[in-house]
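Report on the structure
Residue strings, one per chain:
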Amino acid sequence: MKPVKIAAALMTIGLALIMASTVAAQLKSPDDVKTGLRLLMQVSNDFKRQITAKNFARVPREFKEYTESADAVRTAVKDEPAAFKAKVETKLKAAVAAYQKVSDMSSTTPDADKLMAEHAKAVTVMNALFNLFPPELRPDPNAPAGIRGAPKN
Amino acid sequence: MWDRPDSQFYWSRDRKIASRCPKLKHLHPLSLRSTIPAMPFRRGPLRSDAPVARRRLLFVMFAPLLIPLGCGRSQKSAQEVVDLYIETDGDFIAFKPDTLTCPTSALVRLTFHHAGRLVTVRHNWLLTRADQLEALSKDFAANDGVVASGDPRVITATPLCDKGESVMVQFTAPSPGDYPFLCSTHPEDMRGILHVTK
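Residues numbered from 1 in each chain as written. Chains lettered and ligands numbered in written order. Predicted model: local features only at pLDDT ≥ 70, side-chain atom pairs only at ≥ 80, totals over all residues.

Some remarks on the packing of helix α3 (residues 59-76) of chain A against helix α4 (residues 82-108) of chain A
All names here are of chain A. Direction vectors running N to C along α3 and α4 enclose 175 degrees, while the axes themselves pass 9 Å from each other. Of the possible angle classes, the one that applies to α3 and α4 is roughly antiparallel. From α3, V59, P60, F63, Y66, T67, A70, V73 and R74 reach across to α4, where they touch V88, L92, V96, Y99, Q100, V102, S103, S106 and S107. In terms of residue class, the contact of α3 with α4 is built from eleven nonpolar, five polar and one charged. (Axes fitted to C-alpha atoms, helices over the stretch in contact; angles between N-to-C directions. Helix = DSSP H or I, 4+ residues; strand = E, 2+ residues; numbered from the N terminus. Parallel < 35°, antiparallel > 145°, perpendicular 65-115°, else oblique. Contact = placed C-beta atoms within 7 Å. Nonpolar A, V, L, I, M, F, W, Y, C, P; charged D, E, K, R; others polar.)

In C-alpha cells form, the structure reads like this:
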C-alpha cells in the first residue's frame, strides 16, 4: 500500500473518532445514556444466564428489568433532537420486542437451545441500538464478571 | 486510732462467743479465725452476735475471686464496635465498595443500601466462607436466591432490599481470614471480600 493511501486511511479513522466524540459531547446526558445502555447489556446477560441455567421461570422477570432499562434510555435521550430520539425509539422498540419474544418463548417453549438462538437474535437487534451512540458510551460486551475485590496477584 | 485499742479484750470476748455458738464449737483453736482479732467498732459497744472478723475474712477470701468476674463483664461490654457501609453500584449488579475490612471478634454493624433508582430488582448482602461460595451460588441460582434459615454455610445475611432502601445486620466478626460476600439474587456477579484482620 502506498504511503498516501495509508495516510488517507489514518485520517479517515481520526476524523471518525473526532466526529464520534463530538456526538458524545453533544448529548445532553451522556452519563445517563451510558448507564441506560449498560443496564440493557447487563439484563441481556442475565437473560442468557437464566436460560443456560434452565431457570425459565425467571426469564419473564428479566424481561421486566429489560423494559425498565429501556425506559432509562428513553429518559436519558428525552432532551435530544426529535430526529435522534425517533431513531432511538425505533431501535429500542425493536430490541424490547426481540427480548419479549425470548420471554414469551421461555413459557411456551422451555428449550434452552431454541431460547439461546432467539436470544442471539435479540442481541443483534440490541447492538443496532448501541450503534446509534458513540463507541465510548456503548457498554463493553466482554466486561469480565467474577470475584471483585479478590486479592490481586 | 481505735476507741478501744485493747485488742486482747476482744480476744476474750470472741472466745466467749465461740463457746456459746454451736457452729463455732468445733473451730480449731489455731484456725485462721482464731488468730485474727475482731475489728473494734469506732463508736458504740461491740455486738456479741456479730462475728465481724469472719465476715472480713470471707470478704478478703472472696474479693480476689470476684474481681476477675467483674473485669470479665467490663471486657464484654467493651467489645469493639465497627460500623461498615456498603451499597450497590447504582442500578448495576455490583457492590460498592467490593472489599470491606474489620478486626476479628468485633461487633460489626453493617448497613447495606440499595442505591438503584431505575430497575426494580432486589438485592441483599450475605457473608459466607470461601469454601462454600460456589456451592451456595449454585443453590441460589437454582432456588431464586432464597436464603434458607439456619443454613450453616451462611455466616450472616441482610434481608432482601428494594431500590432506595437500606437494611442492617449485626454480627460478631469471625476468625481472621478472607470471607466472600455476595447477593443471593445475583450470586455470580455481585460478590466481594470481607477481610477479617487479627
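Re the nonpolar core
In terms of nonpolar packing, the biggest core is built from 32 residues, with V33(A), L37(A), L40(A), Y66(A), V73(A), A95(A) and Y99(A) touching the most fellow members. Of all the secondary-structure elements, those providing two or more residues to this core are α2 (30-52), α3, α4 and α5 (112-130) of chain A. Here this core gets eight residues from one element, more than from any other, and that element is α2(A). Contacts of Y66(A), omitting those with residues within four sequence positions, involve L40(A), V43(A), V96(A) and Y99(A). Listed in part, the 22 residues of the second largest apolar core include I93(B), L110(B), C161(B) and Y179(B). (Core = buried A, V, L, I, M, F, W, Y, C linked by C-beta atoms within 7 Å. Buried ≥ 20, exposed ≤ 12 C-beta atoms within 10 Å, placed from the backbone.)

A word on the interface of chain A and chain B
Between chain A and chain B, the residue contacts involve 17 residues of the former and 19 residues of the latter. For the side of chain A that touches chain B, the secondary structure elements donating two or more residues are α2 and α3 of chain A. The element that contributes the greatest number of residues to the side of chain A that touches chain B is α2(A), accounting for five residues. Grouping the constituent residues of the side of chain A that touches chain B by class yields six nonpolar, five polar and six charged.

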